[in-house]
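So you can see what is in the structure, the chains are spelled out below.
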Amino acid sequence: MTTVSVIGVGYLGAVHAASMASLGHTVIGVDVDEAKLAELSAARAPFFEPGLPELLGQTQDTGRLTFTSDASAVAAASVHFICVGTPQRADGLHADLTYVAAAVDSILPHLSPGDLVVGKSTVPVGTAAGLAEQVRASGAELAWNPEFLREGKAVQDTLSPDRLVYGVPGGDAGARAQEQLDEVYAALLAKDIPRIVADYPTAELVKTAANSFLATKISFINAMAELCETAGGDVTVLADAIGIDDRIGRKFLNAGLGFGGGCLPKDIRAFIARADDLGAGDAVSFLKEIDAINLRRRDRMIELALDVCGGSVDGVPVTVLGAAFKPDSDDTRDSPALAVAAGLAEHGARVTVTDPEAIANARRREPGLDYEHDLETALTGAGLVLLLTEWTQYRSLDPVATGALVDTPRILDGRNVLDPAQWRAAGWTYRALGRP
Ligand code: UDX
């Protein structure tokens, strides 16, 4: 077993730290956010992630998992995972690498010869090669090991990933880095999880390419939804029909309000910016269209709301079901649901937002909206209901019982998860994106 450090204990790092401890490693989690450290030290997850509180509880009982703000604590570890965020820069499309640079700087003085620093953050291609010089000057080596976890399924994705990707340098240094990573991931490799060993740029690009492909798949089906809207087709049937072809596949072909969150939007934008820097902008210029299609869905949703309310939502009590960018998450970064809620409020609607987990985060992002924890209360008296994040409790709403709560039975299904026939039979005006 190895002693590892995890620098940055947000969505990625906290799950990685707890997961590594559950594999039997001794783990030191480091962060600058004292509040987050206090929560994690008490075996509480600072954000909503199914399975994480249980994993934290189990691993903390073993004493193998500790958290600190003192970077010198990493001296006890030999493998150091960089798990900090790389958000979009405020001044453009590029990724902000400040946190990655700061994380590496903070551990450099505490590295020992033979240590391995492992980048897991999503970074623009070329970042690892730049950092490797610095790390080598401390006698350590650098690997890039991108993370593919989805929020809501982060524990499962970390302990049973589809694949492990190692970006390592050539020669003996690379062989040694691979050996060290193999030791850390021995339990996963024993489950025959595929491992792909590559150079730094390929490993960095694997992550960016994967997220770009997923975003493209979603925007492709949403572009078809736009066509269905004008031609009178049903995008859900179209998705089922093309998805049966296993070269295409049905996953990630759910048309609706599109993608958001802390990864897909900023990763495709950072890719566009990085490719431009490299003089290869043409290769990914299609991603600008992917982004544009995605953002157009939000405008279309607002148009639909105006349309069903006879041209204006001014003064209409609107209930928005969902604030998180997707179900099973409390993350509201670039949330399509919250963007639509805010857009409707700008049009004069009296918007109430409800969400099982994301209200606190949503309130910080959009303090001007009204929030209601209780679903029934949120629905009572509504003149228009929008289902914008497909939490199970919203998918399974009963149209008859819900109809008795609202003032006017009008519903917009932003995620194409309700049965239109059932809702219409219960007296509702039902509209959706990409459906007649
Ligand atoms: C994504 C990648 O899936 C993951 O591999 C990577 O490590 C981080 O980015 P995540 O951001 O957690 O993970 O969310 P994901 O499940 O991919 O969903 C992204 C967005 O796409 C959500 O807003 C979701 O609602 C939307 N989506 C997804 C669709 O609109 N349609 C679909 O068919 C699938």
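The rules behind the values
- Residues numbered from 1 in each chain as written.
- Predicted model: local features only at pLDDT ≥ 70, side-chain atom pairs only at ≥ 80, totals over all residues.
- Heavy atoms only, no water.
- Helix = DSSP H or I, 4+ residues; strand = E, 2+ residues; numbered from the N terminus.
- Rg over C-alpha atoms; globule rule 2.2 N^0.38 Å.
- Buried < 20%, exposed > 50% of the residue type's maximum accessible area, 1.4 Å probe, protein only.
- Contact = heavy atoms within 4.5 Å.
- Areas by Shrake-Rupley, 256 points an atom, 1.4 Å probe, with all protein chains shown as cover.
- Near = heavy atom within 4 Å.
- Polar contact = N/O pair within 3.5 Å; in protein donor to acceptor, adjacent residues only side chain to side chain.
- Expected span 1.5 Å × (residues − 1).
- Pairing = 2+ DSSP bridges.
- Right-handed = clockwise from strand over helix to strand, strands pointing away.
- Core = buried A, V, L, I, M, F, W, Y, C linked by side-chain atoms within 4.5 Å.

Visitor: What should I look at first to understand the overall build of the protein chain in this one?
Guide: Summing up its helical and strand segments, the protein chain has 18 helices and 14 strands in all. For 436 residues, the compact-globule formula gives about 22 Å, and the C-alpha radius of gyration of the protein chain, at 23 Å, lands near that figure. Projected onto the principal axes, the alpha-carbon positions of the protein chain cover approximately 70 × 50 × 40 Å. Relative to its 436 residues, the protein chain shows a buried fraction of 53%. The contacts in the protein chain between residues at least 6 apart in sequence include a share of 72% that link residues at least 24 apart. Carbon and sulfur atoms make up 53% of the accessible area of the protein chain, which totals about 17,800 Å².

Visitor: For this particular structure, what's the right way to read the site of the ligand?
Guide: Taken together, 20 residues are adjacent to the ligand, and F148, L149, E151, N254 and K326 come closest. For the ligand, an oxygen atom lies 3.1 Å from a polar atom in the backbone of G260. In this structure, F325 approaches the ligand through a main-chain N or O atom, which is 2.9 Å from an oxygen atom. Protein chains bury 92% of the 670 Å² of accessible surface belonging to the ligand in isolation.

Visitor: Sorry, what's going on with helix α11 (residues 264-277) here?
Guide: For an α-helix, 3.6 residues make a turn, and residues three or four places apart therefore share a direction. Its 14 residues place the ends of α11 20 Å apart at the C-alpha level, agreeing with the 20 Å of an ideal helix rising 1.5 Å per residue. Along α11, 11 of the 14 residues are buried, which leaves the element largely enclosed by surrounding structure. Among the residues of α11, those classed as buried are L264, P265, K266, D267, I268, R269, A270, F271, I272, A273 and A275. Along its buried surface, α11 packs onto α9 (200-231) and α12 (286-308). At the C-terminal side of α11, G279 shows a positive phi close to 80 degrees.

Visitor: How do you make sense of the pairing of strand β5 (residues 116-119) when you look at a structure like this?
Guide: Regular strands place their side chains on alternate faces of the sheet. Side chains of β5 alternate between two faces, with L116 and V118 and V117 and G119 buried alike. Looking at chain direction, strand β4 (residues 79-82) and β5 are connected through 4 bridges and run parallel. Bridged to F81 within β5 is V118. Traced from β4 through helix α4 (residues 98-107) to β5, the parallel crossover comes out right-handed. Of the strand pairs in this sheet, β5 and strand β6 (residues 141-144) are connected by 4 bridges, and their pairing is parallel. Note that in β6 the partner of G119 across the bridge is W144. You can see the chain leave β5, run along helix α5 (residues 127-137) and come back into β6, and the turn it takes is right-handed.

Visitor: What should I look at first to understand the nonpolar core in this one?
Guide: One recurring pattern in soluble globular proteins is that nonpolar side chains are buried together. Counting 47 residues, the largest nonpolar core has V318, L344, V351, L384 and L386 as its most contacted members. If you list the elements that add at least two residues to this core, you get α12, β9 (317-321), α13 (336-346), β10 (350-354), α14 (359-365), β12 (384-387), β13 (410-413) and β14 (429-432). Here this core gets 6 residues from one element, more than from any other, and that element is α12. Setting aside residues no more than four positions away along its own chain, V351 makes contact with V318, V320, A341, L344, A345, L369 and D370. Ranked by size, the runner-up nonpolar core spans 41 residues in total, among them A18, V155, L164 and V184.

Visitor: Looking at this model, I keep getting lost on the environment of T332. Mind explaining?
Guide: Looking at the element boundaries, T332 is found in the loop between β9 and α13. Between the alpha carbons of T332 and G322 there is a distance of 9.8 Å; along the sequence they are 10 residues apart.

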